[in-house]
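Here are the chains, one letter per residue:
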Amino acid sequence: MGEGSSLPPGFQFFPSDEELVVHFLHRKAALLPCRPDIIPTIDLHHFDPWDLGGKALQGGNRHWYFFTRTTQRRATANGYWQAVGTDHETIASSCVDVGVKKTLGYYLGDAPEGVKTNWLMHEYHLLDDGVLHSTGDGSRRKKESNRWVVCRVYESTGGSQSSFHDDDGGSELSCLDEVFLSLDDIDEISLPN
């Protein structure tokens, strides 16, 4: 499903916040078919952000998109996702609030001593009344609406960002950059003959 393989050649997936909530998350939570059905469902706990290739949908600018169940525990094998700040952005459609966007940062290691990385995730939630019920089974659908989120994950570069990025514009290095820089240090160490 990943690598943009579900899209015709020449097309990129580059949705706005409103489109993610209204056209994708709303339909998933309401158990309605989503056309096109291109965003996969994955278990966030099984993948570190750099392992999303081939599992999540790759959108423009190397953003990864997927549905997952909402949970308080956001740990992976090598780290955890933690909320950045306390404010959440409200998503509106036609002047009506329909969802909330939370920004999380990825940390390597165990909480709370983890090391911050450049990986960020926008997690989109529906508001409680964000799902319209088309059948008499409204209680099941409303319950379902609170269980799903759609996520946009990307690695911040610290340079010029698109409007999707809400990072602090810092100059932190990615995990791979740090590994490559540490390899340069090895060359400087003189080994005994």
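Under an unreviewed UniProt entry, the name given to the chain is NAC domain-containing protein, and the source organism is Ensete ventricosum.

### Considerations on the overall build of the chain
Scanning the chain from terminus to terminus reveals 3 helices and 7 strands. The N-to-C order of helical and strand elements in the chain reads α-β-β-β-β-β-β-α-β-α. Within the chain, the proportion of its 193 residues that are buried is 41%. Considering only contacts within the chain whose residues lie at least 6 apart along the sequence, 69% involve residues at least 24 apart. Counting only carbon and sulfur atoms, one obtains 52% of the accessible surface of the chain, whose full area is about 11,100 Å².

### Here we look at the confidence of the model for the chain
Residues at a pLDDT of 70 or more form 68% of the chain, whose mean pLDDT is 77. Every residue in residues 130-135 is under pLDDT 50, and counting partners more than four places away or in other chains gives 13 contacts. The model gives residues 159-173 a pLDDT under 50, and that stretch makes 32 contacts with residues more than four places away or in other chains.

### Examining helix 1 (residues 17-29)
In an α-helix, one turn spans 3.6 residues, which is why side chains three or four residues apart end up on the same side. Of the residues making up helix 1, those classed as buried are Asp17, Leu20, Val21, Phe24, Leu25, His26 and Ala29. One or two steps after helix 1, the chain reaches Leu31, where phi turns positive at roughly 60 degrees.

### Digging into the nonpolar core
If you look at the biggest cluster of nonpolar residues, it comprises 19 residues, and the most contacted ones within it are Phe13, Leu20 and Ile39. Contributing elements (two or more residues each) for this core: helix 1, strand 2 (64-69), strand 6 (115-126) and strand 7 (148-155). Ranked by residue count, the leading element in this core is helix 1, at 5 residues.

### Re unusual backbone geometry
Geometrically, the link from Ala111 to Pro112 is a cis peptide bond, its omega value of 0 degrees lying close to zero. As for its placement among the helices and strands, Pro112 is situated in the loop between strand 5 (96-108) and strand 6. The phi torsion at Leu31 lies on the positive side, around 60 degrees, for a residue other than glycine. Take Leu31: it is sitting in the loop between helix 1 and strand 1 (57-58). Judged by relative accessible area, Leu31 falls into the partly exposed class, the value being 38%.

### Points about the pattern of salt bridges
Summed over the entire model, instances satisfying the criterion amount to 4 salt bridges. Across the pair Lys101 and Asp17 runs a salt bridge, and its minimum N-O distance is 3.1 Å. Of this pair, Lys101 sits in strand 5 while Asp17 is found in helix 1, placing the two residues 84 residues apart along the sequence. Residue Lys101 is classed as buried on the basis of its relative accessible area of 3%. On the accessibility criterion, Asp17 (12% relative accessible area) is buried. The partner of Glu89 in a salt bridge is Lys101, with the nearest N and O atoms 3.4 Å apart.

Conventions used here
- Residues numbered from 1 in each chain as written.
- Predicted model: local features only at pLDDT ≥ 70, side-chain atom pairs only at ≥ 80, totals over all residues.
- Heavy atoms only, no water.
- Helix = DSSP H or I, 4+ residues; strand = E, 2+ residues; numbered from the N terminus.
- Buried < 20%, exposed > 50% of the residue type's maximum accessible area, 1.4 Å probe, protein only.
- Contact = heavy atoms within 4.5 Å.
- Areas by Shrake-Rupley, 256 points an atom, 1.4 Å probe, with all protein chains shown as cover.
- pLDDT = per-residue confidence, 0-100.
- Core = buried A, V, L, I, M, F, W, Y, C linked by side-chain atoms within 4.5 Å.
- Salt bridge = Lys/Arg side-chain N within 4 Å of Asp/Glu carboxyl O.

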